[in-house]
Structure formats: C-alpha cells, structure tokens
Amino acid sequence: MVPLGVFLLGPGGVGKTSLMKALIDLTIGSGLRYAAVNLDPGCSSLPFKTLFDARDIVTVNGLMAEEKVGPNYAMIEAFTRVIAERSKIFNSIVEFKPEIVYFDTPGQMEVFLFNRQTPIFLSEVSGYVKPIGVFIMDNMMVKDAGKLVVTELLSLSFQLHLEIPIVTVINKVDLGIPSDIDRMIKDTEYLINKVLVEKTGLEKDLILGLIPTFRDIRGSTRVVYTSTKIGSGIQDLFNIIHEVFCACGDLT
Ligand SMILES: Nc1nc2c(ncn2[C@@H]2O[C@H](COP(=O)(O)OP(=O)(O)OP(=O)(O)O)[C@@H](O)[C@H]2O)c(=O)[nH]1
Ligand SMILES: [Mg+2]
C-alpha cells in the first residue's frame, strides 16, 4: 500500500516542526509505522528521529561559510541541493515501508513554494506516497478579518502552486484567537461586514473585491484549530488527514 505523505507547510515559526512532532507522537500511539523526512537544511535541532535529514546533504550554515554567501541565498541553494538528492529519500521510503511519512519543510516557505525543483519533487514523490499538505498559520495571522483574508489567499496560493490537497490549520490557539473566527471562516457575509467595519480606503476595497472571488472558487474550508503547547486539536488534525484518503472524505 502507498503510504500517506504529510507535508507540514507554512511561514516561519508557525509551529510546523512542533506540529509534526505532535502528529508523530499520535502516530506512534496508534501503532502505525511512520517515517520523518526533514527537508529543512537550515534547522538547528529536531525533536524526532528522521529517516532522511536534509542536513546530511548540506547545511545552510556550512554553505554560508564555504561559499561566503548570505543566509537567504544559502537556503535556496541548500534546498536545491537537497532536492537534487531526492532519490535517497525515495529509496529510504521504499526500504523502510512506512504507512505514513511526515515531511518538515523550510521555515522560509517561499524556498519550498517557489523553487523550480519543487513541482518535480512533488510529482515524483507521488510515486512513493499519497501527498497531502497541512498549511499552518498561527494566531497572529488571523488577528482580524483583513488578516484572515490575506492568510486564506496564502493557503490558496499553496494549493495552486503545489497541486496537492491542503488541510488548513490555525496553530497557537492557546495564545488567543478571535472568538468569532469560525463564523468569519464559514459565513462570507459576516466576514464582509467585519471588513467593512475594520478597514478603510484602498485596503478595504481590495479585500472586499477579493473575498467573493476566492471564496466562490474555493468553497468553504474546514479549518483545524490546534495548540501544540496544550495538545489541543492534534487528534482532529490526525483524523482529517486520514479522512482525506477515505472514499467519502473531503476537505470541505
Ligand atoms: N504558544 C504556542 N507556541 C507554539 C505552539 N507551537 C509551536 N510553538 C512555539 O513556536 C516556536 C516555533 O515553533 P516551531 O515548531 O519551531 O515552528 P516552525 O514553523 O517549525 O519554525 P521554522 O522551521 O523556524 O519556520 C517555538 O518556540 C515553539 O515552542 C503552540 O501551539 N502554542
Ligand atoms: Mg521548523
């Protein structure tokens, strides 16, 4: 059976690695055979054991010292070199025979999203795992209606670029999220009214112009609220990831 391939995606610091660790703990608890793949050559430490670690190919710090380049270029170059070695990842998966593979991605999300090798990698990896993205945003990214709209667009951008199903997560809910966040997500009229109150000028017009367009195309999204600090929502996320692959499951 082809294993599930869960890609933890999102901007820097939202909790990708922490959430991956929490999902791995649940996976262990449920008796499934898992593998962890680290695609981030810039991370310093990881809270789980890996089947494949990008840092065994190259590290961002190493590359900066070696080639006298800055951190951003070093990250792009390091990631490109890691992806060039993707057959090592595929071979390890074939050999290890996991039922689920978790992929941690670089903190600078544009490195993963826009690298010209990423579509090739994702298309090839589909021969070894059934890929699904977990797009993670944090409490700061949904502080008000305007921010929520921008973040939803970012999630849509991931889906369009990567062409894999995406589950959307709001993490760090222990730090506080708007009490009406669920209504803003599910009820477009309500969201529009909030933007009308909160925003002014060009920003308001732009956001109001965007909402119907992308919400009509995308439909309603099921969002999972998580906190790795207090351990909430992780089981829901785990269940939804598995539902996506059930004949009756979908992401809406
Ligand atoms: N309060 C709170 N903090 C969290 C939560 N999840 C992660 N953090 C903290 O957020 C910080 C970043 O977490 P990481 O898991 O490293 O985030 P990341 O997205 O992997 O970070 P990069 O790989 O650097 O982009 C750490 O200090 C975590 O302890 C959460 O649910 N609540
Ligand atoms: Mg990380």
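Residues numbered from 1 in each chain as written. Chains lettered and ligands numbered in written order. Predicted model: local features only at pLDDT ≥ 70, side-chain atom pairs only at ≥ 80, totals over all residues.

S.K.: Even after reading the chapter, I still don't get the overall build of the chain, so can you show me in this structure?
M.R.: Scanning the chain from terminus to terminus reveals 11 helices and 7 strands. If you line up the chain on its principal axes, its C-alpha atoms span 55 × 45 × 35 Å. Going through the 252 residues of the chain one by one, you find that 37% of them count as buried. Of the contacts made within the chain by residues no fewer than 6 positions apart, 74% connect residues no fewer than 24 positions apart. (Helix = DSSP H or I, 4+ residues; strand = E, 2+ residues; numbered from the N terminus. Buried ≥ 20, exposed ≤ 12 C-beta atoms within 10 Å, placed from the backbone. Contact = placed C-beta atoms within 7 Å.)

S.K.: Help me out: how do you make sense of the site of ligand 1 in this one?
M.R.: Near ligand 1 lie 17 residues; those nearest to it are Gly15, Lys16, Thr17, Ser18 and Gly107. The leading source of residues in the shell around ligand 1 is helix α1 (residues 16-29), at 3 residues. (Near = placed C-beta within 6 Å.)

S.K.: Is there a simple way to think about the pairing of strand β6 (residues 166-171) in this case?
M.R.: Side chains on a regular strand alternate between the two faces of the sheet. Counting buried positions along β6 yields 6 of 6 residues, so the element is predominantly enclosed. A two-sided burial pattern is seen for β6, the buried positions comprising Ile166, Thr168 and Ile170 on one face and Val167, Val169 and Asn171 on the other. Both strand β5 (residues 130-138) and β6 contribute to a ladder of 6 bridges, which runs parallel. The partner of Gly133 across the bridge, within β6, is Ile166. Taken together, the 3 bridges between β6 and strand β7 (residues 223-225) define a ladder with parallel strand orientation. Paired with Thr168 across the strands is Val223, a residue of β7. (Pairing = 2+ DSSP bridges.)

S.K.: Could you clarify how one ought to interpret unusual backbone geometry in this entry?
M.R.: Across residues other than glycine, the phi torsion is negative in most instances, and most of the peptide bonds are trans. Positive phi, normally seen in glycine, also occurs at Lys68, with a value near 50°. Exposure remark for Lys68: the 8 C-beta atoms within 10 Å place this residue in the exposed category.

S.K.: Where do I start with the sheet that holds β7 in this structure?
M.R.: For sheets, the rule is that strands pair by backbone hydrogen bonds, running either parallel or antiparallel. Taken in spatial order, the 7 strands of this open sheet run β3-β2-β4-β1-β5-β6-β7, and their pairing is parallel. Lying at the two open borders of the sheet, with one neighbouring strand each, are β3 (52-53) and β7.

S.K.: How do you make sense of the packing of α1 against helix α11 (residues 234-243) when you look at a structure like this?
M.R.: When two helices pack together, their arrangement is given by the angle between their axes and by how far apart the axes lie. It is the contact of α1 with α11, at a shortest axis distance of 10 Å, that shows an interaxial angle of 75°. Between α1 and α11, the angle is such that the two are roughly perpendicular. Facing Ala22, Leu23 and Leu26 of α1, the residues of α11 in contact are Ile234, Gln235, Leu237 and Phe238. Of the residues contributing to the contact of α1 with α11, the split by class is 6 nonpolar, 1 polar and no charged. (Axes fitted to C-alpha atoms, helices over the stretch in contact; angles between N-to-C directions. Parallel < 35°, antiparallel > 145°, perpendicular 65-115°, else oblique. Nonpolar A, V, L, I, M, F, W, Y, C, P; charged D, E, K, R; others polar.)

S.K.: Whenever I open this one, α1 confuses me. Can you help?
M.R.: One full turn of an α-helix is made of 3.6 residues, so residues set three or four places apart face in the same direction. Between its first and last C-alpha, α1 extends 20 Å over 14 residues, near the 20 Å set by a 1.5 Å rise per residue. Count one or two residues on from α1 and you reach Gly31, which has phi positive near 80°. (Expected span 1.5 Å × (residues − 1).)

S.K.: How do you make sense of the environment of Glu95 when you look at a structure like this?
M.R.: Checked against the element boundaries, Glu95 lands in helix α4 (residues 86-96). Judged by local crowding, Glu95 falls into the exposed class, with 9 C-beta atoms found within 10 Å. A C-alpha to C-alpha distance of 14 Å links Glu95 and Val37, two positions 58 residues apart in sequence.

S.K.: What is the right way to look at the pairing of β5 in this model?
M.R.: As paired elements, strand β1 (residues 4-9) and β5 share 6 bridges and run parallel to each other. Opposite Val6, over in β5, you have Ile132 as the bridge partner. The parallel pair β5 and β6 is bridged by helix α7 (residues 145-162), and the resulting crossover is right-handed. (Right-handed = clockwise from strand over helix to strand, strands pointing away.)

S.K.: What is the right way to read helix α3 (residues 71-84) from this model?
M.R.: Counted at 1.5 Å a residue, the expected span for α3 with its 14 residues is 20 Å, and the 20 Å between its end C-alpha atoms agrees. Along α3, the positions that sit buried rather than exposed are Ala74, Met75, Ala78, Phe79, Val82 and Ile83. Projected onto a plane normal to the axis of α3, the buried residues spread over an arc of 160° and lie on a single side. (Arc of directions from axis to C-beta.)

S.K.: Can you help me understand the nonpolar core in this one?
M.R.: Generally speaking, soluble globular proteins have nonpolar side chains that are buried together. With 64 residues, the main nonpolar core has Val6, Leu8, Leu9, Val37, Tyr102, Val134 and Ile136 as its most contacted residues. The biggest single contributor to this core is α3, with 6 residues. Apart from residues no more than four positions distant in its own chain, Val37 is found in contact with Thr50, Leu51, Phe52, Ile89, Val101, Tyr102 and Phe103. (Core = buried A, V, L, I, M, F, W, Y, C linked by C-beta atoms within 7 Å.)

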